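As a plain string of letters, each chain reads:
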There are 2 protein chains.
Amino acid sequence: MTDAAAARPEARNPRGFADRRGRDLVAERRLVQRVSAVYERWGFEPLETGAFEYADALGKFLPDADRPNEGVFALQDDDDQWMALRYDLTAPLARFAAQNWETLPKPFRRYAFGPVWRNEKPGPGRFREFVQCDADTVGSDRPEADAEIIAMACEGLQAAGLAAGQAVIRVSNRKLFDGLFEAGGVTDPLQKLTALRAIDKFDRLGWEGVAALLGEGRLDESGDYTKGANLPLGVAATIEAFLASAGDAGLSRAATLERVAAAGGLGAIGEAALEELAAIDRALAAMKVDQSAVRFDPTIVRGLEYYTGAVFEAELLLETIDDKGRAVRFGSIGGGGRYDDLVARFTGERLPATGFSFGVSRLASALRAAGRGDEDAVRGPVVVIVFSEADMQHYLDAVSELRSAGVPAELYLGRAGMKAQMKYADRRGAPAAVILGGDEIAAGQVTIKDLDAGRALAAGVADNEAWKAERPGQRLVPRGELVSTVRSIVEAARTAS
Amino acid sequence: MTDAAAARPEARNPRGFADRRGRDLVAERRLVQRVSAVYERWGFEPLETGAFEYADALGKFLPDADRPNEGVFALQDDDDQWMALRYDLTAPLARFAAQNWETLPKPFRRYAFGPVWRNEKPGPGRFREFVQCDADTVGSDRPEADAEIIAMACEGLQAAGLAAGQAVIRVSNRKLFDGLFEAGGVTDPLQKLTALRAIDKFDRLGWEGVAALLGEGRLDESGDYTKGANLPLGVAATIEAFLASAGDAGLSRAATLERVAAAGGLGAIGEAALEELAAIDRALAAMKVDQSAVRFDPTIVRGLEYYTGAVFEAELLLETIDDKGRAVRFGSIGGGGRYDDLVARFTGERLPATGFSFGVSRLASALRAAGRGDEDAVRGPVVVIVFSEADMQHYLDAVSELRSAGVPAELYLGRAGMKAQMKYADRRGAPAAVILGGDEIAAGQVTIKDLDAGRALAAGVADNEAWKAERPGQRLVPRGELVSTVRSIVEAARTAS
């Protein structure tokens, strides 16, 4: 290795940062555009804040902040103030609302999308930069504000491409557990945490396993003993009712509330939480939100500590097949809730707020994996082949005519021969290649290769004479029929896909 | 001040970072969408790279890097590698192309937009985060590739909202000066820099002042003496011809090249540069790019040191009026050129590339200042007024009907009275407010306030009876006519604006 080579940097992405291009990127952008259109129709205005916030303004609300810089990318500005890249879109909204409250229309509805950054250990499918899309209402304590966010999230997910039944939003209220613990005399934070973690394991352990963890503890198959939460029996019984109601997919929202109320032991705070949920249900019903699209599930907690009331979790019910042929559920793609204290960090005055956030890349890849990204298939441009410098005018005219007709088109700009150019057109996903050789030009004609037909024939999917007669791989037409011929090929390709 | 208040963070943006919302943001997004549509029609695929690059991959190509961390936001990752936020979209493209060259279609055309970050001293209108939009072709040394970028940039600027004659792209070739200096025996880098800086002052000093700075030096009116470049007379004479051709707006591209050739003294390198420009002109002519939209200007240099051939600069000719009533030209909004060595930093092998970049916020604010942002006026949603909890169903039905008809609409979600709600609707820029009081509901009717008519009457612009008869400020209509009545108001507002 020479010194020059040794000094050369290696071309690589920083760990946990990815490049996105072509089809995937276009699909993600369409998704965001469709959801944005819904959010704007619901009266939410767009807001973009800067990538950096002062560290003190950002606060420390990340779960799993197990690293020295607490999960964010931080640096010290030249005036010694610490700044950090935003880790979500809620903290910047709280800062913005506190800063501009006097001049904002109240309540203030805004939506936002953009990258967020988390300084966590990267891994497969786990990035340190990803795109979120949020909608929030600041300044309304009405349950209708929560219901609106939930109903709008449903409509947004549908606009993104999810059919009815492919997603569900589960809704609960943080204060159910607050009330239950208070009324049951459970005050130790560790005891509460152990209980909530046990509930999270219901899918894996079933009620018997969870009951052990809510009680004295549990010896698992490997012989490890996990200490339990030692909850009073009444509290554990109510949690059992919570889990039963969550597991019964046939229950309406109102019926779920009845079951939870019947379990008892919720205390005044828990009863108030139930009343809030009932008001949300009335508003959802008034907005004609389907019982299967939004369910109540008292076991939903959400990790972030800033939630103060209603909490939401959006779960994809789509099943996809993984590399090993197993059916995989995507699970949670977003969530949110009410956070009435976040703006007060700045102002000292409580300002009610509620919102919903989802991961754009995560939803896009779920749709793709479920085969619902096909409509977003991105075609390459029509490629005009280059033979001779002297005929450049002819090539450029053809490209220009196609573009003017709204057909994406490009001139091959390398210096390779015909064969390499056809390969290039194929790799670009071009529907057609335009050939203007000396003979064609002299005769006032143009040859158009139908590359999809060629691909289909090569793949044997269209190996019959009738099909070939209908879609010949190559056509020689009068020059004046360039655009109409290309257009018919592009449209045939669109219909076939 | 209590301790709690003292501990509260102040709600403020980090220096040089701005929040953008509503109308301005929507206008910027539309601009980017329109330009993207053009770029895709020309066969450029979208690419998004991460915010961070390794510092060594980013290189040091920023001009005015007068600060210790050289103009970028850098931090050390937990594996001790230095990463920095990208300062433009070209360096990440060079890294991406080097990393993926084997699998990319060649030549590779891509466009990109997104924020870039510069750790510079912020000031009024000078941000440390701003949005750029780039298009580049990697892997083509053809002059047609440069011409394509230039022609596409013209079409993109038009799609963004600039009329013909409101912008010009000036094109030159770095190697004109390389050839001129070499042929004239000018080898001292400082001498070259002094000469190029002198040329930059032509607008202010005229030829006499520039001539002095190209020669021995110049005493200005304040008595300060600036040392000159001491160029040989022949070199200075060619530069005079450069400036004369640049100043003659009536010259065609071909005529400009003739003038520059006639000035002589360009040497072999300069002659080759002229031939490249002639080939670009032939391609531009074949693409029917107007002589007034793209001009040759041999004084264009561009600051970035990585350019190796053709260079472009897009200048807005729009004049706007500043705060003090003076006509202001916006000047440069973007530029680009050929950079054949940038990928070789990684691979050691030369890979020709050419591209164009413009500042999205800068162009958007120029269009806004020139009054061309009006078409982008963003209307607020129709606001449905809330009187009584008991009638919530009626309000929600009205909102839902409007949205289903594609009319942005929202329910007032605060807890204030009628007057405050009307004020809210006004601040939201709502075209109409929907009033469903107890009387209206009982009678199967709805009152719709035309807020634009109200504003117009208040402003006295529509203070006549005929107009009032045509657009009454308030209408009581049957409930079934809600959507059609609101729609007629929204459309009247659109026509009037």
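Residues numbered from 1 in each chain as written. Chains lettered and ligands numbered in written order. Predicted model: local features only at pLDDT ≥ 70, side-chain atom pairs only at ≥ 80, totals over all residues. Heavy atoms only, no water.

(A) Looking closely at the overall build of chain A. Each helix and strand in chain A was counted, giving 19 helices and 19 strands. C-alpha atoms of chain A, sized along the principal axes, occupy 95 × 60 × 55 Å. Out of the 497 residues in chain A, the part that is buried amounts to 53%. Once local pairs closer than 6 in sequence are excluded, the contacts in chain A between residues at least 24 apart make up 70%. Here chain A contributes 61 positively and 74 negatively charged side chains, and the mean placements of these two sets differ by 4 Å. (Helix = DSSP H or I, 4+ residues; strand = E, 2+ residues; numbered from the N terminus. Buried < 20%, exposed > 50% of the residue type's maximum accessible area, 1.4 Å probe, protein only. Contact = heavy atoms within 4.5 Å. Lys, Arg positive; Asp, Glu negative; His and termini not counted. Charge placed at Lys NZ, Arg CZ, Asp CG, Glu CD.)

(B) Main features of the relation of the copies chain A and chain B. Note on the identical chains: chain A maps onto chain B by a rotation of 180° and an axial translation of 0.0 Å, with an RMSD of 0.1 Å. Both copies of the chain, as the preceding transformation shows, are related through a two-fold rotation axis. When C-alpha positions in chain A are compared against the rotation axis, the closest is assigned to Leu75(A), at 3.3 Å. With an isologous cut-off of 70% or more, the 100% of interface residues of chain A that recur at the interface of chain B puts this contact in the isologous class. (Least-squares fit on C-alpha atoms with pLDDT ≥ 70 in both.)

(C) Examining empty space enclosed by the protein more closely. According to the stated counting rule, one finds 4 cavities of 30 Å³ or more in the structure shown. Taken together, Leu396(A), Val399(A), Arg403(A), Leu411(A), Leu413(A), Trp42(B), Glu144(B), Glu148(B) and Met287(B) make up the full set of residues lining the largest cavity. Looking at the lining of the largest cavity element by element, the count peaks at 3 residues for helix H14 (residues 392-404) of chain A. For the lining of the largest cavity, the residue count by class is 6 nonpolar, no polar and 3 charged. (1 Å grid on protein atoms, 1.4 Å probe; cavity = no way out; pocket = protein on both sides within 12 Å on 5 of 7 lines; lining within 4 Å. Points joined across faces, edges and corners; volume = space filled by probe spheres on them. Nonpolar A, V, L, I, M, F, W, Y, C, P; charged D, E, K, R; others polar.)

(D) A look at the pairing of strand E17 (residues 432-435) of chain A. Residues and elements named next belong to chain A. A two-sided burial pattern is seen for E17, the buried positions comprising Ala432 and Val434 on one face and Ala433 and Ile435 on the other. Here strand E15 (residues 382-384) runs beside E17; their pairing, made up of 2 bridges, is parallel. Of the residues in E17, the one forming a bridge with Val384 is Val434. Where E17 meets strand E18 (residues 445-450), 4 bridges bridge the pair, whose relative direction is antiparallel. Counted as the bridge partner of Ala433 is Lys449 from E18. (Pairing = 2+ DSSP bridges.)

(E) View of the interface of chain A and chain B. Chain A puts 99 residues into the contact, and the matching count from chain B is 100 residues. In total, about 8700 Å² of surface goes out of reach between chain A and chain B, with carbon and sulfur atoms giving 50% of it. Between the two partners, chain A and chain B, sit 30 salt bridges. Arg15(B) is the partner of Asp78(A) in a salt bridge, and the nearest nitrogen-oxygen pair spans 2.7 Å. For the pair chain A and chain B, the number of links is 57 residue pairs in polar contact (both at pLDDT 80 or more). Ranked by the residues each element gives to the side of chain A that touches chain B, the list is headed by helix H2 (residues 22-41) of chain A, at 7 residues. Partitioned by chemical class, the residues of the side of chain A that touches chain B number 46 nonpolar, 16 polar and 37 charged. Here strand E2 (residues 45-48) of chain A runs beside strand E1 (residues 20-21) of chain B; their pairing, made up of 2 bridges, is antiparallel. (Buried area = accessible area lost by both parts, 1.4 Å probe. Salt bridge = Lys/Arg side-chain N within 4 Å of Asp/Glu carboxyl O. Polar contact = N/O pair within 3.5 Å; in protein donor to acceptor, adjacent residues only side chain to side chain.)

(F) The arrangement of the packing of helix H6 (residues 174-183) of chain A against helix H9 (residues 233-247) of chain A in detail. Residues and elements named next belong to chain A. Contact geometry of H6 with H9 gives a least axis separation of 10 Å together with a crossing angle of 155°. The angle between the axes of H6 and H9 places the two elements in the roughly antiparallel class. As for the relative orientation of H6 and H9, their crossing is right-handed in sense. On H9, the residues that touch Leu176, Phe177, Leu180 and Phe181 of H6 are Val235, Thr238, Ile239 and Phe242. Its residues assigned to classes, the contact of H6 with H9 shows 7 nonpolar, 1 polar and no charged. (Axes fitted to C-alpha atoms, helices over the stretch in contact; angles between N-to-C directions. Parallel < 35°, antiparallel > 145°, perpendicular 65-115°, else oblique. Left-handed = near helix turned anticlockwise from the far one by under 90°.)

(G) Here's a closer look at the sheet that holds strand E4 (residues 74-76) of chain A. Residues and elements named next belong to chain A. Read across the open sheet, the 3 strands follow the order E3-E5-E4; overall the sheet is antiparallel. If you trace the sheet from one side to the other, it starts and ends with strand E3 (52-54) and E4, each paired once. Pairwise comparison of adjacent strand axes, ignoring direction, gives a mean angle of 35° for this sheet. Inspection of the sheet shows E4 paired to strand E5 (residues 82-85) by 3 bridges, in the antiparallel sense. Residue Leu75 lies in a different strand from E5, and its bridge partner there is Met83.

(H) Main features of the environment of Ala147(A). Residue and element names in this part refer to chain A. Secondary-structure assignment places Ala147 in helix H5 (residues 143-160). Overall, Ala147 belongs to the buried group, its relative accessible area being 0%. Here the alpha-carbon distance between Ala147 and Leu284, two residues 137 residues apart in the chain, equals 5.7 Å. Beyond its immediate stretch of four places on either side in the chain, Ala147 contacts Ile280, Ala283, Leu284 and Met287.

(I) Structural view of the pattern of salt bridges. This structure, assessed with the given rule, holds 66 salt bridges over all chains. For Arg259(A), the salt bridge is made with Asp248(A), and the minimal N-O distance between the two is 3.1 Å. With Arg259(A) in helix H10 (residues 253-263) and Asp248(A) in the loop between H9 and H10, this residue pair connects regions lying 11 residues apart in the sequence. Arg259(A) gets classed as partly exposed once you look at its relative accessible area, which sits at 35%. Salt bridges linked by common partners bring Arg21(A), Arg403(A), Glu410(A), Arg428(A), Glu45(B), Arg109(B) and Glu148(B) together as one network.

(J) The arrangement of the sheet that holds strand E19 (residues 474-478) of chain A in detail. All names here are of chain A. Across the sheet, which stays open at both edges, the 5 strands sit in the order E16-E15-E17-E18-E19 with mixed pairing between neighbours. The open sheet is flanked by strand E16 (409-411) and E19, the only strands paired with a single partner. With direction set aside, neighbouring strand axes in the sheet form an average angle of 25°.

(K) The arrangement of the UniProt feature "binding site: L-histidine" (unreviewed entry) in chain A in detail. Residues and elements named next belong to chain A. Annotation from UniProt places "binding site: L-histidine" (unreviewed entry) at Asp88, Leu89, Thr90, Arg118, Gln132, Asp136, Arg302, Tyr306 and Tyr307. Its place among the elements puts Asp136 in strand E7 (residues 129-138). In this structure Asp136 touches Phe44, Leu93, Phe108, Arg109, Arg110, Ile149, Tyr339, Thr354, Gly355 and Phe356, once residues within four positions along its chain are discounted. A distance of 2.8 Å separates the side chain of Asp136 from the side chain of Arg110, its partner in a polar contact. Mapped onto the fold, Arg302 is located in the loop between strand E11 (294-296) and strand E12 (310-321). Excluding residues that lie within four positions of it along the chain, Arg302 makes contacts with Arg174, Tyr307, Val311, Phe312, Glu313, Ser332, Gly334, Gly335 and Gly336. (UniProt positions renumbered as here; feature names shortened; annotations may be inferred.)

(L) Structural view of the packing of aromatic side chains. One pass over the full model with this rule turns up 23 aromatic pairs over all chains. A centroid spacing of 5.8 Å and a plane angle of 35° characterise the contact between Phe96(A) and Phe108(A), whose relative ring orientation is tilted. Residue Phe96(A) is located in helix H4 (residues 90-100), and its partner Phe108(A) is located in strand E6 (residues 108-117); the two are separated by 12 residues in the primary sequence. We note that Phe96(A), like Phe108(A), is buried. Taking the centre distance of 6.4 Å and the plane angle of 35° together, the rings of Phe356(B) and Phe358(B) count as tilted. The class of Phe356(B) is buried, set by a relative accessible area of 2%. Here a set of aromatic residues connected by ring pairs shows up, and it is made of Phe17(A), Phe73(A) and Phe52(B). Between Arg403(A) and the ring centre of Trp42(B), over which it is positioned, the NZ or CZ distance is 3.5 Å. (Phe/Tyr/Trp six-rings, centres within 6.5 Å; stacked < 30°, edge-to-face > 60°. Lys NZ or Arg CZ within 6 Å of the ring centre and 35° of its normal.)

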